[in-house]
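The lines below spell out each chain.
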Amino acid sequence: MELWILFGTFTLLMLIGTPIAFCLGVASFATVLYMGLPPLVVFQQLNSGMSVFSLLAIPFFIYSGDLMVRGGIAQRIVAFAASLVGHIRGGLGQVNIVTATLFGGISGSAVAEAAAVGGLMIPQMKARGYGADYAVNVTSMAALIALLLPPSHNMIIYSISAGGKISIADLFTAGVIPGLLLATSLMVTAYFVARKRGYPTEPFPGFSAIVYLFAVATPGLLLIAIIFGGVRSGIFTATESSCIAVLYALLVTLTIYRQMSWQDFVHATMGAVRTTAMVLLIIGTAAAFSWLMAFLRVPATLVAWMQTISDNPIIILLLLNIIMLVLGTFMDMGPTIIITTPIFLPIVVAYGVDPVHFGVIMILNYGIGLNTPPVGGVQFVACAVGKITVWEAMRSIWPFYGAGVVVLLLVTYIPALSLWLPAVFR
């Protein structure tokens, strides 16, 4: 009965449109009251969930990404990417994907990337004769690359949801090859779709232009090396690197590019504050929800149930992939990671799957969900920028979905794609 109350209240509130943080909090509170436990338990778990030092990295990475967008770094990365791949069939689509890959190493946020890169690229693509649906689909799927590359916020959330026992540095490193693999698969897909539709290419600017644009974009691109190299080498932690990212972003935008106004600075600061408040409230209420699931032995029960289905890790991973794809369709990414990590992680560990490997699988699964209605936050942003409906985008997104699912299967069943690079750096 306790589980019926916990999940039933959560589902009911979510169906009537209640914000996810209140769904989690009210469901936890109702269950605790039914069990006869002191209501103070919920608030204790909420407080402990938010009082994690590593969580400071999330708002600072969000802040640094916003500062760099408003400071002109994104425009210079687009220009450099255009010089590299603009001459390939569907040139601006290829530029979109390469820009997303480079910018993903700075922002770490799929939604921020869809807004920043989409705001720059979608209007240009439409003006050059590209279909609005093609521009939106390339943008929304390419934005998912940021989820896998450091400094991915969701990697940090996964580490904390796993009890802080998984190295954030290992997770950052593990996502690099899958992220580049996703970028490559999307570029191949974009090429064939553009070829079928007869989209144009851009003129090759010459190697001298590439060198010049690279030099102009270098101050922004250096942040990728600073974050990854600093965390991986142990010079500073992920939390410290986020603070360094903010200081570096301010330094670059104020002293080198000199494009950010005082109003832009205020908007970036207030946006980071609002995002932080929302994220921490969700994390706190999800911590209470997760504690109740552990208290009611949900993970142990699921492990026992899955062992009755199969003892083959291949089948179990396939089943979990399907479950996570469905969950990602109906729930936002951060809360879903927090809720499901304590449930799914003990299952895969029981079958011998490395927690770092599973983290990449989970992030990619829920990332694809960000592009799927009814809760596809990334797709909503891209469609808003492209001024088309979600259903117009959905009619032609399937080749790009297929590319994402192929990468998901490769990452799931070839662990070396995720684990080789962390082992090398370790």
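Look up: the structure comes first, before these words.
Residues numbered from 1 in each chain as written. Predicted model: local features only at pLDDT ≥ 70, side-chain atom pairs only at ≥ 80, totals over all residues. Heavy atoms only, no water.

Draft legend 1. Main features of the packing of aromatic side chains. Per the counting criterion, the structure on display carries 10 aromatic pairs. On the numbers, 5.3 Å between centres and 85° between planes, the contact of Tyr191 with Phe192 is edge-to-face. Exposure remark for Tyr191: the relative accessible area of 27% places this residue in the partly exposed category. Put simply, the rings of Tyr130, Tyr134, Tyr199 and Phe400 pair up and form one aromatic cluster. (Phe/Tyr/Trp six-rings, centres within 6.5 Å; stacked < 30°, edge-to-face > 60°. Buried < 20%, exposed > 50% of the residue type's maximum accessible area, 1.4 Å probe, protein only.)

Draft legend 2. Structural view of the layout of surface pockets. Taken as a whole, the largest pocket holds about 1200 Å³ of empty space. Lining the largest pocket we find 45 residues, and of these Val111, Thr275, Met278, Val279 and Asp332 sit closest to its centre. In terms of residue count, helix 15 (residues 262–295) provides more of the lining of the largest pocket than any other element does, 9 residues in total. Its residues assigned to classes, the lining of the largest pocket comprises 29 nonpolar, 12 polar and 4 charged. (1 Å grid on protein atoms, 1.4 Å probe; cavity = no way out; pocket = protein on both sides within 12 Å on 5 of 7 lines; lining within 4 Å. Points joined across faces, edges and corners; volume = space filled by probe spheres on them. Helix = DSSP H or I, 4+ residues; strand = E, 2+ residues; numbered from the N terminus. Nonpolar A, V, L, I, M, F, W, Y, C, P; charged D, E, K, R; others polar.)

Draft legend 3. Region of interest: the environment of Gly402. Following the sequence through the fold, Gly402 ends up in helix 22 (residues 398–413). Residue Gly402 is classed as partly exposed on the basis of its relative accessible area of 30%. Sequence spacing of Gly402 and Thr189 is 213 residues, and the spatial spacing of their C-alpha atoms is 9.0 Å.

Draft legend 4. Region of the structure containing the side chain of Ser83. With respect to the helices and strands, the residue Ser83 is situated in helix 5 (residues 73–85). Taking relative accessible area as the criterion, Ser83 reaches 2% and is therefore assigned buried.

Draft legend 5. Inspection of helix 19 (residues 355–369) at higher detail. A rise of 1.5 Å per residue sets the reference length of helix 19, with its 15 residues, at 21 Å; its end C-alpha atoms lie 21 Å apart and thus fit the reference within 8%. Burial runs high along helix 19: 14 of the 15 residues are buried. The N-terminus of helix 19 is capped by Asp354, whose side-chain oxygen sits 2.8 Å from the backbone nitrogen of Val356. (Expected span 1.5 Å × (residues − 1). Polar contact = N/O pair within 3.5 Å; in protein donor to acceptor, adjacent residues only side chain to side chain.)

Draft legend 6. How the structure looks around the pattern of salt bridges. Counted according to the given criterion, the structure contains 1 salt bridge. Salt-bridge contacts for Asp133 lead to Arg197; the nearest nitrogen and oxygen are separated by 3.0 Å. Here Asp133, found in helix 8 (residues 132–142), pairs with Arg197, found in helix 12 (residues 176–197); they are 64 residues apart in sequence, far enough to count as distant. Classification of Arg197 as partly exposed rests on a relative accessible area of 35%. (Salt bridge = Lys/Arg side-chain N within 4 Å of Asp/Glu carboxyl O.)

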